[in-house]
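Summary of the model geometry
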Amino acid sequence: MTQPVFEARDVSRIFEPAQGALQRLGDRLAGRQPPLVRAVDRVTLSVSEGETLGIVGESGCGKSTLARMIAGILPVSGGERRYRGEGYDSFLARKRDALKVQMVFQDPMSSLNPRLKVGEIIGEAAALHGVVPRAQIRRYVVETLNRVGLPADAIDRYPHEFSGGQRQRVGIARALAVKPDLLVCDEAVAALDVSVQAQIINLLMDIKQDSGLSMIFISHDLGLIRHLCDRVAVMYLGRVVELAGTEELFSNPTHPYTQMLLAGMPQISLKRRTFMPIKGEIPSPLAPPPGCHFHPRCLAATDHCSTRRPELVELAPGHTHACLNAGLTRN
Amino acid sequence: MSRASLAEFAGRFAESRVGLASLAVTLFFLFCALFAPLLSPTDPYDLSRLELIDALKPMGSPQVLPGEEFRANFAVTDGVATPDGDVGDLATASCGERCIAVRLASAETELASLQVRSLPKGMSVEGASKHPVQPWWTVNDPEGNGVRIVSDEPLPAAFSFSVIAKTAEQPTDFVFVAGTDAFGRDMLSAILYGIRISIFVGVLAAGSAMVIGTGLGLLAAWRGGVTDAVIMRTVDFMLSFPAILVGLSILAILGSGVDKVIMAVVLVQWCYYARTSRSLALSELNKEYVEAARCLRLPAWRIMLRHVLPNCMPQIIVLFTLNIAAAISLESSLSFLGVGLPLTQPSLGMLIANGYEFIFSQKYWISFGPGLVLLVMIVAMNLLGDRLRDLNNPRFDR
Ligand SMILES: Nc1ncnc2c1ncn2[C@@H]1O[C@H](COP(=O)(O)OP(=O)(O)O)[C@@H](O)[C@H]1O
Ligand code: SF4
Ligand SMILES: [Mg+2]
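For every chain, the first residue of its written sequence is number 1, and the numbers climb from 1 along that sequence. Both sets of labels track the order of writing: A upward for chains, 1 upward for ligands. Totals for whole chains, interfaces and linings use all residues, but because this is a predicted model, local features are given only for residues with pLDDT of at least 70 and pairs of side-chain atoms are given and counted only at 80 or more. Hydrogen atoms and water are omitted, and side-chain values are computed over all heavy atoms in the structure.

Residues and elements named next belong to chain A. With axes taken as lines fitted to C-alpha atoms, and helix axes fitted only over the stretch in contact, angles between N-to-C directions fall between 0 and 180 degrees. Every helix listed is a DSSP run of H or I at least four residues long, and every strand listed is a run of E at least two residues long, numbered separately from the N terminus. Look at helix H7 (residues 164–176) against helix H8 (residues 194–211): their axes get within 10 Å of each other, and the N-to-C directions meet at 20°. Relative to H8, the element H7 is oriented roughly parallel. In this structure, H7 crosses over H8, and the sense of that crossing is right-handed. Between H7 and H8, the contacting residues are Gly165, Gln168, Arg169, Ile172 and Leu176 on the first element and Val196, Gln199, Ile200, Leu203, Leu204 and Ile207 on the second. Tallied by class, the residues present in the contact of H7 with H8 amount to 7 nonpolar, 3 polar and 1 charged. Each angle is binned into one of four classes, with values under 35 degrees roughly parallel, values over 145 roughly antiparallel, values of 65 to 115 roughly perpendicular, and all other values oblique. Each crossing is labelled by how the near helix is turned from the far one, with a counterclockwise turn of less than a right angle marking it left-handed and a clockwise turn marking it right-handed. In what follows, a contact means two residues having at least one pair of non-hydrogen atoms within 4.5 Å. Any residue that is not Ala, Val, Leu, Ile, Met, Phe, Trp, Tyr, Cys, Pro, Asp, Glu, Lys or Arg is counted as polar, Gly included; the first ten are nonpolar and the last four charged.

Now for the side chain of Arg387 of chain B. Checked against the element boundaries, Arg387 of chain B lands in helix H10 (residues 365–392). With residues near it in sequence (within four places) discarded, Arg387 of chain B still touches Arg12, Phe13, Glu15, Ser16 and Gly19 of chain B.

As a further point, take the domain arrangement of chain B. Residue ranges labeled as domains rest on an automatic or database domain assignment. As assigned here, chain B comprises domain 1 (3–60 + 177–396) and domain 2 (67–168). The centre of domain 1 of chain B, based on its C-alpha atoms, is set 64 Å off from the matching centre of domain 2 of chain B.

Neighbouring residues are identified by heavy atoms, a residue being near a molecule or strand if any of them is within 4 Å of it. Around ligand 2, the surrounding shell consists of His255, Pro256, Cys292, Phe294, His295, Cys298, Ala300, Ala301, Cys305, Cys323, Leu324 and Asn325 of chain A. Residues belonging to the shell around ligand 2 are distributed by class as follows: 9 nonpolar, 3 polar and no charged.

Okay, the site of ligand 1 next. Residues and elements named next belong to chain A. Taken together, Phe15, Val37, Ala39, Glu58, Ser59, Gly60, Cys61, Gly62, Lys63, Ser64, Thr65 and Pro285 make up the full set of residues adjacent to ligand 1. Under this definition, polar contacts are N or O atom pairs within 3.5 Å; protein pairs additionally need one hydrogen-donor-capable and one acceptor-capable atom, and for neighbouring residues in sequence, both atoms have to be side-chain atoms. Taking Thr65, its side chain carries an N or O atom lying 2.5 Å from an oxygen atom of ligand 1. Computed with the Shrake-Rupley method and a 1.4 Å probe, the accessible areas treat only the protein chains shown as cover for residues. When ligand 1 is considered free in solution it has 550 Å² of accessible area, and contact with the protein chains removes 63% of it. Within the residue set of the shell around ligand 1, elements represented by two or more residues are strand S2 (37–47) and helix H2 (63–71). Ranked by the residues each element gives to the shell around ligand 1, the list is headed by H2, at 3 residues.

Laid out in structure tokens, this is it:
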């Protein structure tokens, strides 16, 4: 088996909500544990060469946190990350190589520095790290702009002169300019109009086809995930609950949460648009339910669901899920 | 900032008349500061040009040239006087058998006094008062710009005498618009130079505080943790003292001088920049463009200085404008208290202090001019800073 481009094993991230010094001191004196957010809880996944991995889940389930850890801009609280087999500690230490993992951000407004011209935004890192010689940087930026479908004269303009879609193209160009292997797109189209979304999706697909880079595509939009991805990981409150090939996942979802998500998804034929009643709200990540996080909302929940944490188990080759009642929920 | 948004900013700025007026006044004072040597009618530092006769003149008095004194010797033979050496403007004429007139040739210059010395016995000077011991005759304010030497007896065949003439003080065309101080210094020039020194010290001090404070604020924001805590607790500590107290203590320890005053201002003001830039940087650091920069593996200093700092700059510039005014007034207070700038560099505060002792003898103008200028300057700079701050604060956007 060939080595995956990226691999995460039991990666976790715990946030301590910002508190005043007095409150912390009080907590410590009272022997209270400060409240922790397990934004990402022991996630294991991998992306192989040229593959697009989708990560889907409701807002607040830790998708962005996971994306930032994959991109190497947020340290992990536990677990291991590897780029082509190499641990992230040494990988990130070599700045030039660490450019191989890049990220496209969600917000087309705040993800571009308003004080820099587009040419500087795109060319800065490439010039600084010597991706291209400084003398050729302008030409290189123009080439990159063309690649993402922007005119060459964009180079001397400021971000605020562009529309949301164009700004997202600039964000993509910025990532592409340092020649990455793995592109992490965190809700890259969520903030855009539907018509513009399609253009950006097409652009991402074209780029993938041209350069064969691997991609992690994060979204809460199941339709997009199905359209774009080879494999899909479904997250719920910081954990991966199901991971399978796209076809397999959409045709044969085994985890009750996935089933619920898919049932809530608008079907292509509007006649058969079915919604499953969603039981309960999404719980607070500050105090997730014990055992299986999903049990308060799960239709298949049994007694032990509230006490035991389900581990990922392989149901079929390439199809894993974390549910204690696997047999019961299999359709 | 791009050209378009700069133009838009200028347009919005111009909407407020107070803002425009304060900008104009501030620019005017900056102009005065820059070109003080060209604008000021006299050089207030040139002590050799000062005349005590001009001291403490009220506003609008003309400058007065002090009288000159010159000496001449005359030799008289057979009743005819001839100059003995250089006699300047003085001339003699015969005014009768036993009479010699000595007068100033030119009519413009007036004589304040004329003294005739070493006349032979029996001769005297008309209308003169004689020195009790010496043979010196002095006529004050001589009529017709001259005196007559007369004799009771026929003139000796040959004798000589000497003359000491003092010309009268002369008002000139030059007017001390703002009066003069106790040394006869033109207050207008002194004020112009005072503006120059005050603004120089204010800008340099506020600028140094800006660089140091902003640097520390960015450091605190970037590093967080202990660094942040140490810097910000120091800020809280420093801010709990009144500025003037910190300034006085520093100058009491270090002594006075431009550099010490600047140090005192920096020590007072860096806190404001540190606090502001830290909170601005913290909110910038949350934005995705910073994460993008980190993902592009740019060095920390580059992210802070090239990406974060420029986005914090507008607010820091506002603070800078306000702090220049604060620095000027702190420096003036210290100088007024006599611990600020040295006497050789009279700032506005020191000019006010110099005039303070004369206020009770109704010579108000020495303090009044510099005080008024200081007041207007600080008010204008504060209004300008406020206006810039309003424009920067999106909540005050229409
Ligand atoms: N810097 C942080 N400090 C504290 N909590 C955080 C931080 N970032 C994210 N979280 C928390 O972690 C959880 C997951 O957030 P996020 O990864 O942004 O979710 P998603 O991208 O799936 O919407 C949320 O509950 C959020 O409040
Ligand atoms: S473990 Fe239990 S609660 Fe969790 S998804 Fe499976 S059946 Fe539902
Ligand atoms: Mg997110």
